[in-house]
Amino acid sequence: MEQSQQQLLQWLYATAQGNKQAFEQLYQATSGKLFSVSLHLLRRHDWAEDVLQDAFVRIWHNAADYHAEKGSVMSWMISITRYRALDLLKSRRVKAEHLDISEPEHDQTSNEVQPGEVIGLVREKVKLDDCMQGLSDEHRQSIQLAYFNGLSHQEITEHTGSELGTVKSWIRRGLTQLKRCLEA
């Protein structure tokens, strides 16, 4: 069950005061969703777990920096998680670029991303970014909020002030356009 913005806000403010029990409740209420966001971006459980832990350390240390006028508590926490995940991907990509490709391949059962895979992922990301830029602002924002920030349709309506049917339509149409662009 998704916690209300008010409850999350109370736990976050208590966390800012150093209340470990409130932090634990905040963690219990949100960690599943934040792990899902992290896993969606990273595609590896071990990396997603590391990012989740790092994100909650940052949430603990930065709880007092949250400002309600900048968005919901969940949006703020998702942003922290996304940035940690993207930082991890960036650091892994830099490490992969510095590997000697002529080295013998390591154990193929390893779930480490190989340098060639990183290059493919970067190309896919560039293509996705190009296609996303081709969408209207409403379509692009709705898709980003739903798929990159992990917001529900209802949360998107609260974030944008738009009707639920409109948001669903923007996402459906945007995904159709995105699919066409990516397949082209």
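Everything below is about the structure shown above.
Residues numbered from 1 in each chain as written. Predicted model: local features only at pLDDT ≥ 70, side-chain atom pairs only at ≥ 80, totals over all residues. Heavy atoms only, no water.

Trainee: Before we go on, may I ask you to explain the overall build of the protein in this structure?
Mentor: Along its length, the protein carries 8 helices and 0 strands. Listing each helix as α and each strand as β along the protein from the N terminus yields α-α-α-α-α-α-α-α. With 184 residues in all, the protein has 34% of them scored as buried. Sequence-distant contacts, at least 24 apart, represent 62% of the contacts inside the protein between residues at least 6 apart. For the protein, the accessible area works out to roughly 11600 Å², and carbon and sulfur atoms hold 50% of it. (Helix = DSSP H or I, 4+ residues; strand = E, 2+ residues; numbered from the N terminus. Buried < 20%, exposed > 50% of the residue type's maximum accessible area, 1.4 Å probe, protein only. Contact = heavy atoms within 4.5 Å. Areas by Shrake-Rupley, 256 points an atom, 1.4 Å probe, with all protein chains shown as cover.)

Trainee: Any chance you could explain the nonpolar core here in plain terms?
Mentor: Soluble globular proteins tend to bury their nonpolar side chains together. Of all hydrophobic cores here, the largest spans 35 residues; its most connected members are L12, L34, I59 and M77. Taken together, the elements giving at least two residues each to this core come down to α1 (5–16), α2 (20–42), α3 (45–62), α4 (73–97), α6 (137–148) and α8 (164–183). In this view, I59 contacts L12, F23, L26, L34, W76, M77 and I80; residues no more than four positions away in its chain are not counted. In this structure, M132, L135, I143 and L178 belong to the second largest nonpolar core, which totals 5 residues. (Core = buried A, V, L, I, M, F, W, Y, C linked by side-chain atoms within 4.5 Å.)

Trainee: Please explain the packing of aromatic side chains as it appears in this structure.
Mentor: The description of an aromatic ring pair rests on the distance of the ring centres and on the angle between the ring planes. Within this structure, the stated rule accounts for 4 aromatic pairs. Considering the side-chain rings of F23 and W60, the 5.0 Å spacing of their centres and the 70° angle between planes classify their relative orientation as edge-to-face. On the criterion of sequence distance, the pair formed by F23 in helix α2 and W60 in helix α3 is long-range, its members being 37 residues apart. For F23, a relative accessible area of 17% gives the class buried. Overall, W60 belongs to the partly exposed group, its relative accessible area being 27%. Between Y66 and W76 the ring centres are 5.6 Å apart and the planes differ by 65°, which places this aromatic pair in the edge-to-face class. You can see Y66 sitting in the loop between α3 and α4 and its partner W76 sitting in helix α4, a full 10 residues away along the chain. The pair Y66 / W76 is uniform in exposure class, with both members buried. Pairwise contacts between aromatic rings join F23, Y27, F56 and W60 into one cluster. (Phe/Tyr/Trp six-rings, centres within 6.5 Å; stacked < 30°, edge-to-face > 60°.)

Trainee: Help me out: how do you make sense of the pattern of salt bridges in this one?
Mentor: This model, assessed by the stated rule, comprises 6 salt bridges. Note that D87 and R84 form a salt bridge whose closest N and O atoms lie 2.7 Å from each other. A residue pair is termed a helical-turn pair when its members lie 3 or 4 positions apart in one helix, as D87 and R84 do in helix α4 at 3 residues. A relative accessible area of 34% means that D87 is categorised as partly exposed. You can call R84 buried: its relative accessible area is 18%. Through salt bridges with shared partners, a single network forms among D54, R58, R84 and D87. (Salt bridge = Lys/Arg side-chain N within 4 Å of Asp/Glu carboxyl O.)

Trainee: What exactly am I supposed to notice about the state of the cysteines here?
Mentor: Throughout this description, disulfide means a covalent bond between two cysteine sulfur atoms. Inspection of the entire model under this criterion finds 1 disulfide. Between the sulfur atoms of C131 and its disulfide partner C181 the distance amounts to 2.0 Å. As the torsion about the S-S bond is roughly -80°, the C131-C181 disulfide counts as left-handed. Of this pair, C131 sits in helix α5 (residues 115–133) while C181 sits in helix α8, placing them 50 residues apart in sequence. (Disulfide = S-S within 2.5 Å.)

Trainee: Explain α1 to me, please; I cannot follow it from the model alone.
Mentor: Helical geometry note: an α-helix holds 3.6 residues per turn, so side chains three or four residues apart project in the same direction. With 12 residues, α1 extends 16 Å between its outermost C-alpha atoms, agreeing within 8% with the 16 Å of an ideal straight helix rising 1.5 Å per residue. Looking at α1, one finds that the buried residues are L8, L9, W11, L12 and T15. Buried residues of α1, viewed axially, fall in a sector of 165°; they line one side. G18, located one to two residues past α1, shows a positive phi value of around 90°. (Expected span 1.5 Å × (residues − 1). Arc of directions from axis to C-beta.)

Trainee: I tried to follow the environment of E138 on my own but got confused; where do I start?
Mentor: Within the element layout of this structure, E138 appears in helix α6. For the pair formed by E138 and G174, sequence separation is 36 residues and the distance between their alpha carbons is 8.6 Å.

These figures capture arrangement, not role.
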